[in-house]
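Notes for the structure review
As a plain string of letters, each chain reads:
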Amino acid sequence: MIRRGALASLVAAAILASAPATAALSADGGVAQPARPFQFTVIGHPFRATSDENLLRRSITEANQDKPAFIVATGIKAQTEACSDRLYAQRRDILDGSPRPLVLLPAGSDWAGCRNSAGRSNAIERLNRVREVFYPDNQSLGVRRITLTRLSANVKFRSYAENAYWEQGGVLFATLNIPDNNNHYLPEAGRNSEYEDRLVANRAWLHRLFLMAQRRNMEGLVLFTDGDIKAHVDEGFSLLSGFSAKQDGYAAVRKQVRAFAEKYQGKVLLVDSQGEPKATPAITWRGNLGRLGVGGEWETVRVQPGTASLFSLKDADSP
């Protein structure tokens with residue numbers, strides 16, 4: 001004779017065994033439903049070709065109309081604009097006015113080209129100031145906010161608050177500070193202290209992200225960067241013009257992403273702000289590794305958990 005408690009356990013085990021692979025246990029011990037489809041929006045670098053902040057305002061307004069779960073924006077200023085505290089504060093106010101949660105990724109033009117009154121590079125000091133203004137805590141920007149986990153929570157990488165991750169619908173999302181100016185590699189600078197230190201931090205960050213996604217059986221991992229690391233490009237092609245004479249600042253991170261992606265069972269989507277403004281946006285795949293380049297405006301990506309494609313563009317035909 002089977003006791004009532006034992007019978008309940010057998011029934012629960014049978015239900016779990018017959019549930020879809022994407023299902024999970026809910027907090028009360030029952031079988032949770034697969035994650036619902038959702039979408040997120042990416043605003044490319046609106047200041048890459050202009051200093052008109054009305055483009056940023058318009059992009060935020062239009063992006064919110066799609067009702068995304070969150071928005072990721074890249075860049076707060078044009079290369080030709082002043083690297084001033086006043087401008088940083090002004091742009092933060094604009095971003096913080098987004099009705100939906102907004103996560104900011106710094107662009108190279110926000111700090112890498114900054115110079116002081118003597119004409120010397122002020123990049124590191126300005127990057128630290130960007131971190132103070134835009135990443136003071138573990139919250140996103142926006143009227144509605146989401147909680148982020150920042151790399152700066154690790155005492156070894158206290159400075160790198162711009163690298164953050166969050167989860168949505170069984171997918172892991174993360175920002176990675178990789179600027180579009182060849183990853184701020186300076187061959188004439190002797191020891192590239194900023195580049196080398198950030199390379200170490202990014203390496204540890206990528207290792208943590210892929211390990212987490214793998215252990216939790218997450219369906220996908222989305223990495224947001226300013227520069228295009230070209231991990232989706234076949235090795236047979238030259239990745240930089242004049243490659244033989246120029247150090248490829250993306251080589252190390254590209255190699256690491258490819259190696260991790262090969263071992264990861266889910267899909268990896270790389271999103272950068274180097275899309276061609278006049279080209280039709282598309283996700284280009286190389287195995288389970290995809291890339292989406294967004295130009296100066298914005299693009300909405302649909303996420304459909306439990307499907308083979310997982311990621312698709314909102315305005316594209318359904319697969």
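Figured I'd write up the structure that's included with this text. (Residues numbered from 1 in each chain as written. Predicted model: local features only at pLDDT ≥ 70, side-chain atom pairs only at ≥ 80, totals over all residues. Heavy atoms only, no water.)

All right, on to the packing of aromatic side chains then. Describing an aromatic ring pair means giving the distance of the ring centres and the angle of the ring planes. This model, assessed by the stated rule, comprises 14 aromatic pairs. With a centroid separation of 4.8 Å and 75 degrees between ring planes, the pair formed by Phe70 and Phe173 is classed as edge-to-face. Of the two residues, Phe70 is situated in the loop between helix 2 (54–65) and strand 4 (71–74) and Phe173 in strand 8 (residues 171–175); the sequence distance between them amounts to 103 residues. Taken as a pair, Phe70 and Phe173 share a single burial class, namely buried. Measuring from centroid to centroid gives 6.1 Å for Trp166 and Phe224, while their planes differ by 5 degrees, and the two rings are stacked. On the criterion of sequence distance, the pair formed by Trp166 in strand 7 (residues 164–168) and Phe224 in strand 9 (residues 220–224) is long-range, its members being 58 residues apart. One aromatic cluster in this structure is built from Phe38, Phe40, Phe70, Trp166, Phe173 and Phe224. It is Lys267 that lies over the ring of Trp285; its NZ or CZ is 4.6 Å from the centre. (Phe/Tyr/Trp six-rings, centres within 6.5 Å; stacked < 30°, edge-to-face > 60°. Helix = DSSP H or I, 4+ residues; strand = E, 2+ residues; numbered from the N terminus. Buried < 20%, exposed > 50% of the residue type's maximum accessible area, 1.4 Å probe, protein only. Lys NZ or Arg CZ within 6 Å of the ring centre and 35° of its normal.)

Paired through their backbone hydrogen bonds, the strands of a sheet run either parallel or antiparallel. In space, the seven strands of this open sheet follow the order 6-7-8-9-10-12-11, with mixed pairing throughout. Both outer strands of the open sheet, strand 6 (149–150) and strand 11 (283–286), are each paired with one neighbouring strand and no more. Sheet topology note: the strand 9/strand 10 (residues 267–272) ladder contains five bridges and is parallel. Paired with Leu223 across the strands is Leu270, a residue of strand 10. (Pairing = 2+ DSSP bridges.)

The phi torsion at Asn182 lies on the positive side, around 60 degrees, for a residue other than glycine. Within the element layout of this structure, Asn182 appears in the loop between strand 8 and helix 5 (193–215). With a phi angle near 55 degrees, His184 is a residue other than glycine that sits in the positive phi range. Tracing the backbone through its elements, the reader meets His184 in the loop between strand 8 and helix 5. The exposure class of His184 is buried, given its relative accessible area of 5%.

With that settled, the discussion passes to the nonpolar core. Grouped together as the largest cluster of nonpolar side chains are 28 residues, with contacts concentrated most on Leu172, Leu223, Ile229, Val253, Val257 and Leu270. Among the elements that take part in this core, helix 5 stands out by supplying seven residues, more than any other. Not counting the four nearest positions on each side in its chain, Ile229 is found in contact with Ile178, Tyr250, Val253, Arg254, Val257 and Leu270. Counting 24 residues, the second-largest nonpolar core is a separate cluster that includes Phe70, Val222, Val294 and Phe311. (Core = buried A, V, L, I, M, F, W, Y, C linked by side-chain atoms within 4.5 Å. Contact = heavy atoms within 4.5 Å.)

Time to look at the packing of helix 2 against helix 3 (residues 85–96). For the pair helix 2 and helix 3, interaxial distance at closest approach is 10 Å and the crossing angle is 20 degrees. Judged on the interaxial angle alone, helix 3 and helix 2 are roughly parallel. Judged by the sense of rotation from one axis to the other, the crossing of helix 2 with helix 3 is right-handed. Touching Leu56, Arg57 and Ile60 of helix 2 are Arg91, Ile94 and Leu95, all from helix 3. Each residue belonging to the contact of helix 2 with helix 3 can be placed in one class, and the counts come to four nonpolar, no polar and two charged. (Axes fitted to C-alpha atoms, helices over the stretch in contact; angles between N-to-C directions. Parallel < 35°, antiparallel > 145°, perpendicular 65-115°, else oblique. Left-handed = near helix turned anticlockwise from the far one by under 90°. Nonpolar A, V, L, I, M, F, W, Y, C, P; charged D, E, K, R; others polar.)

Any functional reading would require information that these geometric values do not contain.
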